[in-house]
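Read off the chains here:
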Amino acid sequence: MRITKYTHSCVRLDGDGVLVVDPGEFSERSALDGADAVLITHEHPDHLDVAALTEAAGSRPGLRIFAHEQVLPKLAAFGDIATAVGPGESFAAAGFPVRAFGGRHAVIHPDIPRIANLAYLIGDETTNVYHPGDSFTVPEDTVVDTLFVPLNAPWMKLMESIDFVRAVKPARAFAVHDALLNPTGAQISDGHLTRLSGTTYAHVAPETTI
């Protein structure tokens, strides 16, 4: 597979088909060009851009969208091309095997109700990508090849990112959820992850193909 990281939390995978994860309002709409399927981790607008999906579905009638059942009301206009999936489920999307993990968004503040969030493992046992959305859900009993690790958010601190990478033990890790951090802050966070995560780590520019 070919992996391309777009702005913030959007990741595109090109293989036999094209699969896009979390095309949000911070991300380039070009990530959806030719997409066969989309995975949505949760309903926040930085991960779900309904207008961009509407545009993509208009030019790609066979597009499929997969999300937690609690996200489907926001996708009602898409009808039966939007499919509910839940934690522990395995399914195929754009020709890729996918397994869903987790179920809940990380805590932002005790006064803010938690919403549904799915993490997705995409690929087979040897070549795969793990995207946690807004969570630090560790995929138990799973060997992860490529991990996307959240770099900055209102719901996290950097220590959690480092410990998350250590717990998952991927072959390599790349930053995601990075649009809220300026270059100076990113450089500091990247330095800590490079030194302390225990694996090969990189923070790539938007539209970089890995």
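Here we summarise the structure given alongside this text. For clarity, every value in this text was computed on a predicted model and none was experimentally measured.

## A look at the nonpolar core
Next, step 1: In terms of nonpolar packing, the biggest core is built from 23 residues, with Leu19, Leu39, Phe91, Ala93, Val98, Tyr120 and Ile122 touching the most fellow members.
Next, step 2: Among the elements of the structure, strand S2 (11-14), strand S3 (18-21), strand S4 (37-39), strand S7 (90-93), strand S8 (96-104), strand S9 (116-123) and strand S12 (172-176) are those that each provide at least two residues to this core.
Next, step 3: Not counting chain neighbours up to four residues away, the residues in contact with phenylalanine 91 comprise Leu39, Phe66, Val85, Phe96, Pro97, Val98 and Tyr120.

## Some remarks on the packing of aromatic side chains
Next, step 1: For the structure on display, the rule yields five aromatic pairs.
Next, step 2: Between phenylalanine 66 and phenylalanine 91, the ring centres sit 4.9 Å apart and the planes meet at 25 degrees, which makes this aromatic pair stacked. Of the two residues, phenylalanine 66 sits in strand S5 (residues 64-67) while phenylalanine 91 sits in strand S7, which places them 25 residues apart along the sequence. Each of the two residues, phenylalanine 66 as well as phenylalanine 91, counts as buried.

## Section: the pattern of salt bridges
Oppositely charged side chains may form a pair once their charged atoms are brought near each other.
Next, step 1: A complete count under the given rule lists five salt bridges for this structure.
Next, step 2: Aspartate 14 is the partner of arginine 2 in a salt bridge, and the nearest nitrogen-oxygen pair spans 3.7 Å. Taken as a pair, arginine 2 in strand S1 (residues 2-5) and aspartate 14 in strand S2 lie far apart in primary sequence, twelve residues in all.
Next, step 3: Arginine 2 gets classed as partly exposed once you look at its relative accessible area, which sits at 44%.
Next, step 4: Taking the shortest distance from any N to any O, the salt bridge between glutamate 55 and arginine 29 comes out at 2.9 Å. Taken together, the residues glutamate 55 in helix H1 (residues 50-59) and arginine 29 in the loop between S3 and S4 connect sequence positions 26 residues apart.
Next, step 5: On the basis of relative accessibility, which here comes to 48%, the residue glutamate 55 falls in the partly exposed class.

Conventions and cut-offs
Residues numbered from 1 in each chain as written. Predicted model: local features only at pLDDT ≥ 70, side-chain atom pairs only at ≥ 80, totals over all residues. Heavy atoms only, no water. Core = buried A, V, L, I, M, F, W, Y, C linked by side-chain atoms within 4.5 Å. Buried < 20%, exposed > 50% of the residue type's maximum accessible area, 1.4 Å probe, protein only. Helix = DSSP H or I, 4+ residues; strand = E, 2+ residues; numbered from the N terminus. Contact = heavy atoms within 4.5 Å. Phe/Tyr/Trp six-rings, centres within 6.5 Å; stacked < 30°, edge-to-face > 60°. Salt bridge = Lys/Arg side-chain N within 4 Å of Asp/Glu carboxyl O.

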